[in-house]
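Residue-level structural notes
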2 protein chains.
Amino acid sequence: MVNQKNSLYLCCCKDIDYMAKSKGTKNLDTSTEEKIIQAASKVFTQKGYVATRTRDIAEEAGINLALLNYYFRSKEKLFQLIMAEKLQLLFSVILPIVNNDDLTLDEKIETLVENYINLLVDNPDLPLFVLGEIKANPEGFKDRLQVRKLLQNSSFVRQLRERKPDVEPVHFIVSLLGMTVFPFIAKQVLFADDNTFKMQMEERKVLIAKWAKIMLET
Amino acid sequence: MVNQKNSLYLCCCKDIDYMAKSKGTKNLDTSTEEKIIQAASKVFTQKGYVATRTRDIAEEAGINLALLNYYFRSKEKLFQLIMAEKLQLLFSVILPIVNNDDLTLDEKIETLVENYINLLVDNPDLPLFVLGEIKANPEGFKDRLQVRKLLQNSSFVRQLRERKPDVEPVHFIVSLLGMTVFPFIAKQVLFADDNTFKMQMEERKVLIAKWAKIMLET
DNA sequence: AAATATTTTAATCAAATGATTAAAATATCA
DNA sequence: TGATATTTTAATCATTTGATTAAAATATTT
């Protein structure tokens, strides 16, 4: 008999140790689960929540549709898991930097741009996916997203206020993020092939850092 | 009997004179059609193609679902009409400026930022909608979107090459667009209420223009 | 090996949704 | 006014899709 409640994925936090599941060292087990997560991650970020069918995910994972619901109970639950993972990925790059008191403002800018472009080159679908889902369901993110609050109290914003007291820090931050993230959002429209894109994103690292710094000088 | 082919909306170009439809001066007629278009424009740009149900559009327009299919034959056709309208809206701001040989580079930057922010303040959903649909169906836009080609031959790019021969114009353009468009894409995440957002977008007009110019000086 | 638990599958269900149809209501014109 | 054309509606269809179920296959344990 099928016992769904038993090995079900009730927690939405990716940080849980997958290997520590049930008793044995059966890694075909976690492998199936991981295969589903990998597939869901790919399809969701590529097509967004509404456009992805659970059948797509199952096919991508090479498993049956029912198995997906057996493991994750619903499309929604699986999505929450993936989204939490992606948000953490985005935050994990920003937060340690903007809160690092040991870095100068210029160092923060350099590190931020470098790390963020690295992240986005590996996950080019991330920005449009996350921002699209937030817009599609703002209430679902109200609690999880206090980016403004987090930035407000950061040493990054403090340093920005010191350097340019006459300009709201948000303007500089939006520009920095815009220059960094926008190419990945408008990739299809503004860039030709994937190789030159990647190359040009490498070029942008130094360009954006340079531009951002002179923006703070005037 | 219903004769669908007759007053059907076969053309996807919004520029056609709606008033010139059929014989009479019945403006309740075109009003219904216009109501559907307005409703479709609102719902599509807000929720995207897959997430909008034709029933949503019908309800928003205050009409019956069947009437929508009577006028526009299918969800897809109606969407094509709206999308063409939105693309034209976006291009109508960019093209006349980047191709205007009478404007200096600095004047182009100022006008571009000013006009684009004005457009986006009135149509804040536009960027995420258009870019999202392009990503969802790149093939459907292959022919319509030759933005790269259009820019390549513009006087804007020529002026950029003259001013800074060592930097690929695309980098500057992406930065300019990023600073301008990104706040509207990340609105939900980075900005508080709608009023301060609009106010800050006004502030950005001068800021972006100033920043863009100094980016070209170094 | 036998018993038990877990994993996987095929078949199916129920709801949502784009589309159609035929008839009723309204307008237009002779 | 009466005939004809156009507009609008309610009811219905067919497909898609998330989810469920029960049984088969596989693994685990005793």
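Structure's up top.
Here goes a summary of the coordinates provided.

Definitions and limits used
Residues numbered from 1 in each chain as written. Chains lettered and ligands numbered in written order. Predicted model: local features only at pLDDT ≥ 70, side-chain atom pairs only at ≥ 80, totals over all residues. Heavy atoms only, no water. Helix = DSSP H or I, 4+ residues; strand = E, 2+ residues; numbered from the N terminus. Buried < 20%, exposed > 50% of the residue type's maximum accessible area, 1.4 Å probe, protein only. Contact = heavy atoms within 4.5 Å. Areas by Shrake-Rupley, 256 points an atom, 1.4 Å probe, with all protein chains shown as cover. Salt bridge = Lys/Arg side-chain N within 4 Å of Asp/Glu carboxyl O. Least-squares fit on C-alpha atoms with pLDDT ≥ 70 in both. Axes fitted to C-alpha atoms, helices over the stretch in contact; angles between N-to-C directions. Parallel < 35°, antiparallel > 145°, perpendicular 65-115°, else oblique. Left-handed = near helix turned anticlockwise from the far one by under 90°. Nonpolar A, V, L, I, M, F, W, Y, C, P; charged D, E, K, R; others polar. Phe/Tyr/Trp six-rings, centres within 6.5 Å; stacked < 30°, edge-to-face > 60°. Lys NZ or Arg CZ within 6 Å of the ring centre and 35° of its normal. Core = buried A, V, L, I, M, F, W, Y, C linked by side-chain atoms within 4.5 Å. Buried area = accessible area lost by both parts, 1.4 Å probe. Polar contact = N/O pair within 3.5 Å; in protein donor to acceptor, adjacent residues only side chain to side chain. Expected span 1.5 Å × (residues − 1). Bend = angle between axes of the 7 residues up to and from the residue.

For chain A, the helix and strand inventory stands at 11 helices and 0 strands. Each helix (α) and strand (β) of chain A, taken in turn from the N terminus, gives the series α-α-α-α-α-α-α-α-α-α-α. In chain A, buried positions account for 51% of the 218 residues. Taking contacts inside chain A between residues at least 6 apart in sequence as the whole, the part at least 24 apart equals 68%. For chain A, the accessible surface area stands at approximately 10,900 Å², while carbon and sulfur atoms represent 52% of it.

We now examine the pattern of salt bridges. Scanning the entire structure with this criterion turns up 24 salt bridges over all chains. Between Asp194 of chain A and Lys187 of chain A there is a salt bridge, with the nearest N and O atoms lying 3.2 Å from each other. The shortest N-O distance in the salt bridge between Arg53 of chain B and Asp56 of chain B comes to 2.7 Å. Owing to a relative accessible area of 11%, Asp56 of chain B belongs among the buried residues under this scheme. Linked by salt bridges that have partners in common, Lys47, Arg53 and Asp56 of chain A make up one network.

What follows concerns the relation of the copies chain B and chain A. When chain B is fitted to chain A, the best match, at an RMSD of 0.0 Å, comes from turning it 180° and sliding it 0.0 Å along the axis. Read as a symmetry element, the transformation amounts to a two-fold axis. Ranked by how close their C-alpha atoms come to the rotation axis, the residues of chain B are headed by Gly178 of chain B, at 2.2 Å. Of all interface residues in chain B, 100% are interface residues in chain A too; the two copies therefore contact each other through one and the same surface.

Turning our eyes to something else, we now look at the packing of helix α4 (residues 75-98) of chain B against helix α6 (residues 126-136) of chain B. Two quantities define a packed helix pair, namely the angle between the helix axes and the distance between the axes. Residues and elements named next belong to chain B. Closest axis-to-axis distance for the α4/α6 pair is 11 Å, and the angle between their directions is 120°. In terms of orientation, α4 lies oblique with respect to α6. Every pair of crossing elements has a handedness; the one defined by α4 and α6 is left-handed. From α4, Phe79, Met83, Lys86, Leu87, Leu89 and Leu90 reach across to α6, where they touch Leu126, Phe129, Val130 and Glu133. Class assignment for the residues of the contact of α4 with α6 results in 8 nonpolar, no polar and 2 charged.

Scanning all chains against the criterion turns up 16 aromatic pairs over all chains. Aromatic pair Phe44 of chain A and Tyr49 of chain A: ring centres 6.0 Å apart, planes at 10°, arrangement stacked. Geometrically, the ring pair formed by Phe44 of chain B and Phe79 of chain B is edge-to-face, given 5.2 Å between the ring centres and 75° between the ring planes. Here Phe44 of chain B, found in helix α1 (residues 27-47), pairs with Phe79 of chain B, found in helix α4; they are 35 residues apart in sequence, far enough to count as distant. An identical accessibility class is assigned to Phe44 of chain B and Phe79 of chain B; each is buried. Across the ring face of Tyr49 of chain A, the terminal group of Lys75 of chain A is positioned such that the distance to the ring centre comes to 4.3 Å.

This part covers the environment of Leu128 of chain A. Secondary-structure assignment places Leu128 of chain A in helix α6 (residues 126-136). For the pair formed by Leu128 of chain A and Ile185 of chain A, sequence separation is 57 residues and the distance between their alpha carbons is 5.8 Å. Among residues more than four places away in sequence, those in contact with Leu128 of chain A are Ile185 of chain A together with Leu128, Leu131, Gly132 and Lys135 of chain B.

This brings us to the side chain of Thr32 of chain B. Relative to the helices and strands, Thr32 of chain B resides in helix α1. Excluding residues that lie within four positions of it along the chain, Thr32 of chain B makes contacts with Ile63, Leu67 and Tyr71 of chain B.

Its identity is not glycine, yet Arg73 of chain A carries a phi of approximately 70°, on the positive side. Locating Arg73 of chain A in the fold gives a position in the loop between α3 (65-72) and α4 (75-98).

To continue, consider the side chain of Thr52 of chain B. Within the element layout of this structure, Thr52 of chain B appears in the loop between α1 and α2 (54-61). In contact with Thr52 of chain B, not counting residues within four places along its chain, are Val43, Phe44, Lys47 and Lys75 of chain B.

The nonpolar side chains of a soluble globular protein tend to be buried, and buried together. Within the largest apolar cluster, 146 residues are counted, with the highest numbers of intra-cluster contacts made by Phe156 and Leu190 of chain A together with Phe156 and Leu190 of chain B. Beyond its immediate chain neighbours, meaning those up to four positions away, Phe156 of chain B contacts Val98, Leu105, Lys108, Ile109, Leu112, Phe172, Ile173 and Leu176 of chain B.

Turning our eyes to something else, we now look at the interface of chain B and chain A. One frequent convention defines the size of an interface as the accessible area lost when the parts assemble. In this complex, chain B contributes 43 residues to the contact, which on the side of chain A involves 43 residues. Between chain B and chain A, roughly 4,200 Å² of surface is buried when both sides are summed, and carbon and sulfur atoms account for 73% of that area. It is Lys135, His171 and Phe182 of chain B in chain B that bury the most area against chain A; as a group they hold 16% of the surface buried on that side. Between the two partners, chain B and chain A, sit 2 salt bridges. Summed over the shared surface of chain B and chain A, the number is 18 residue pairs in polar contact (both at pLDDT 80 or more). Counting residues per element, the ones that place at least two in the side of chain B that touches chain A are α1, α6, α7 (147-152), α9 (169-185), α10 (187-190) and α11 (194-215) of chain B. It is α9 of chain B that provides the largest number of residues to the side of chain B that touches chain A, a total of 12 residues. In terms of residue class, the side of chain B that touches chain A is made up of 28 nonpolar, 9 polar and 6 charged.

All names here are of chain A. Spanning 22 residues, helix α11 (residues 194-215) covers 30 Å between terminal C-alpha atoms, matching the ideal 32 Å at 1.5 Å per step. For α11, the principal kink sits at Arg204 and spans about 30°. Of all the residues in α11, the buried ones are Phe197, Gln200, Met201, Arg204, Lys205, Leu207, Ile208, Ala209, Trp211, Ala212, Ile214 and Met215.

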